[in-house]
Amino acid sequence: MALKKDARDDSQVDLFLPQLTALPLRDQRETMERPFFSLSKRKRLKPIDYISPDRKVTVHVSANSEYGLATIYDLDILIYCASVLIEYKRQGKNDIPQTLHVVPYDMLSTLKRDVGGRAYELLGNALDRLQSTTVKTNIRSGDAVETTFSWIDSHSQLKDRNGQVRGMRITLAKWFYDGVLMEGGVLAIDPAYFSLTGGRERWLYRVARKHAGGAGSDGFSISMPTLYEKSGAEGDYRRFKFEMAKIIRENGLPGYSLELIQRDDAEPMLRMTKRDADSKDATPSPTAPSTTDTKPKNTADVAGEDPISFPVQGSIAFDAFGVIARANLPSPQRDHSAVADEFRSFLKSRKIAFDAQNITQIFATFCSKQRSAS
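Calculation notes
Residue indices follow the written sequence of each chain, beginning from 1 at its first position. Local features are withheld for residues below a pLDDT of 70 in this predicted model, meaning they are given only at 70 or higher, and side-chain atom pairs are given and counted only at 80 or more; totals for whole chains, interfaces and linings count all residues. Processing note: side-chain calculations cover all non-hydrogen atoms of the structure and skip hydrogens and water entirely. Only buried residues count toward a nonpolar core. Its members are Ala, Val, Leu, Ile, Met, Phe, Trp, Tyr and Cys residues joined through side-chain atoms within 4.5 Å. Exposed residues in this analysis have more than 50% of their type's maximum accessible area, buried residues have under 20%, and partly exposed residues fall in between, with area computed by a 1.4 Å probe over protein chains only. Secondary structure follows DSSP: runs of H or I at least 4 residues long count as helices, runs of E at least 2 residues long count as strands, and numbering of each begins at the N terminus. When checking whether two residues touch, look at their non-hydrogen atoms; a contact exists if any pair is within 4.5 Å. In this scheme, a helix's expected span is set at 1.5 Å multiplied by one less than its residue total. An arc is given here, and it is the one of the directions from the helix axis to the C-beta atoms. How sure the predictor is of each residue is captured by pLDDT, a score from 0 to 100. Fitted lines through C-alpha atoms give the axes, limited to the stretch in contact for helices. The angle between two N-to-C directions lies from 0 to 180 degrees. Roughly parallel means an angle under 35 degrees; roughly antiparallel means over 145; roughly perpendicular covers 65 to 115; every other angle is labelled oblique. Residues are grouped as follows: Ala, Val, Leu, Ile, Met, Phe, Trp, Tyr, Cys and Pro are nonpolar; Asp, Glu, Lys and Arg are charged; all remaining types, including Gly, are polar. Each crossing is labelled by how the near helix is turned from the far one, with a counterclockwise turn of less than a right angle marking it left-handed and a clockwise turn marking it right-handed. For two strands to count as paired, DSSP must find a minimum of two bridges between them.

Chemist: Just checking my understanding: could you explain the nonpolar core for this structure?
Modeler: Within soluble globular proteins, side chains that are nonpolar generally end up buried alongside one another. In terms of nonpolar packing, the biggest core is built from 75 residues, with Trp151, Leu172, Leu204 and Leu227 touching the most fellow members. Among the elements that line this core, the one with the most residues is helix H1 (residues 75-90), at 11 residues. Residue contacts for Leu172: discarding those within four places in its chain leaves Leu78, Cys81, Leu85, Gln98, Leu100, Trp151, Ile152, Asp153 and Tyr177. In terms of nonpolar packing, the next biggest core, distinct from the first, is built from 19 residues, Phe321, Leu329, Phe366 and Cys367 among them.

Rendered as structure tokens:
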């Protein structure tokens, strides 16, 4: 296993440039269907062993005794990296790198996480689990060939002379890297996914997105025992069924409706159906709309920062308004400080308070109507 290093070369800081636009979020399709991650935040050492009903696909995931299995929460890092790769692909970039230069602040903000000192420590722990977890599967190569890998090959931190983390290098496993970039290798996911706090809810959303996303009005149905096998859950089936019933009653997955179908002669089935955006039972997403939506993305509302006030002076680079600017300004984007000054003048000319109740939405709309950089 490659060693982790803490570099202190200030001359390399410029390699880690902030993302200038909000990333459309993408998840690797193959990992959404089979059990690859622990669903609990508790340290898990028990391996995951899965064999598909037709006995053609196998997944074996084992843990390092020091770190434990990579969790469904650690997967957030891989989703972020997959989204970066797809953005490079969309831009037509040649030689898309397997090693990514990541700004931790941007990653944590995108993943709806705190950005304090403790968050950087937790991020390092997650990277350790992703690097030390061993996966063996024939999911892509057929019955005769089994591939063994860890989710990331290596990771390192770049610190400035004050010891502050300025960037991270993450080298992805080739299996994961190839899976993201292959044709049809990813699916778009709702940013509200990151607001789900339960591991089983996160896992079930990914199953619904994979199977029910294109299943039409009839949705997708699966028996509870088969769903249990697909989960890789550590507890017994009875406990799993109880917890699934609770999630189904709450019916709070973004974009998908859940229904438990009881059967007299067999175990119950779960029916997952894509929600109609106009239906009464649709759960409003607490996050920004999808990238195909033309409505401005008010990402400050996502973070629960309302009421909020636009700063009377100074930079917006590292606050909620900076996130909104990156999400809504047309590319190539103008200097954010100049846009902030123009918005202040706009507020004053219209006699709008800097702490108006809908200030974030006003700023999002203002940004969406700006011209791009010449």
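Chemist: Is there a simple way to explain unusual backbone geometry in this structure?
Modeler: In terms of backbone geometry, most residues other than glycine have negative phi values and most peptide bonds are trans. At Asn251, a residue that is not glycine, the phi angle is positive and equals roughly 50°. Accessibility expressed as a relative area gives 17% for Asn251, which makes it buried. Despite not being glycine, Lys351 has its phi angle at roughly 55°, a positive value. On the basis of relative accessibility, which here comes to 78%, the residue Lys351 falls in the exposed class.

Chemist: Looking at this model, I keep getting lost on helix H3 (residues 117-132). Mind explaining?
Modeler: Helical geometry: 3.6 residues make up each α-helical turn, so side chains three or four residues apart lie on a common side. Here H3 is 16 residues long and its end C-alpha atoms lie 23 Å apart, about the 22 Å a rise of 1.5 Å per residue gives. Considered for burial, the residues of H3 that qualify are Ala119, Tyr120, Leu123, Gly124, Ala126, Leu127, Asp128, Leu130, Gln131 and Ser132. Looking at the packing, one finds that the buried side of H3 touches H1, helix H2 (104-110), strand E6 (134-137), strand E8 (152-159) and strand E9 (165-172).

Chemist: Which parts of the structure should I look at to understand helix H6 (residues 224-231)?
Modeler: For H6, the set of buried residues is Met224, Leu227, Tyr228, Lys230 and Ser231. Taken end-on, H6 shows its buried residues confined to a sector of 165°, consistent with a single buried face. For H6, the elements touching its buried residues are strand E3 (48-51), helix H5 (199-212), strand E11 (220-223), helix H7 (237-250), strand E12 (256-263) and strand E13 (266-274). A positive backbone phi angle near 70° is found at Gly232, which sits one or two residues after H6.

Chemist: Teacher, can you tell me more about the confidence of the model for the protein here?
Modeler: Interpretation of this model should avoid reading the predicted coordinates in detail wherever pLDDT is low. The predicted model of the protein has a mean per-residue pLDDT of 82, with 83% of residues at 70 or higher. In this model, residues 7-18 is a region of pLDDT below 50 whose contacts with residues beyond four sequence positions or in other chains number 27 contacts.

Chemist: How do you make sense of the packing of H5 against H7 when you look at a structure like this?
Modeler: Axes are the key here: two packed helices are described by the angle between their axes and the distance separating the axes. Relative to each other, H5 and H7 sit at 75°, their axes nearing to 11 Å. The angle between the axes of H5 and H7 places the two elements in the roughly perpendicular class. Across the interface between the two elements, Arg200, Glu201, Trp203 and Leu204 from H5 touch Phe240, Glu243, Met244, Ile247 and Glu250 from H7. Residue classes in the contact of H5 with H7 are distributed as 5 nonpolar, no polar and 4 charged.

Chemist: Explanation requested: the packing of H1 against helix H4 (residues 174-181) in the structure shown.
Modeler: H4 packs onto H1 with a crossing angle of 50° between their chain directions and a minimal axis gap of 10 Å. Between H1 and H4, the angle is such that the two are oblique. Crossing hand, H1 versus H4: right-handed. Along the contact surface, H1 presents Leu78, Ala82, Leu85, Ile86 and Lys89, while H4 presents Phe176, Tyr177, Val180 and Leu181. Looking at the contact of H1 with H4 residue by residue, the class counts come to 8 nonpolar, no polar and 1 charged.

Chemist: So what exactly am I meant to see when it comes to the sheet that holds strand E7 (residues 147-149) here?
Modeler: Backbone-to-backbone hydrogen bonds pair the strands of a sheet. The strands run either parallel or antiparallel. Read across the sheet, 4 strands follow the order E3-E4-E6-E7 without closing on themselves; strand pairing throughout is antiparallel. Sheet topology places E3 and E7 at the edges, where each strand pairs with a single neighbour. Neighbour-to-neighbour, the strand axes of this sheet turn through a mean angle of 10°, independent of strand direction.

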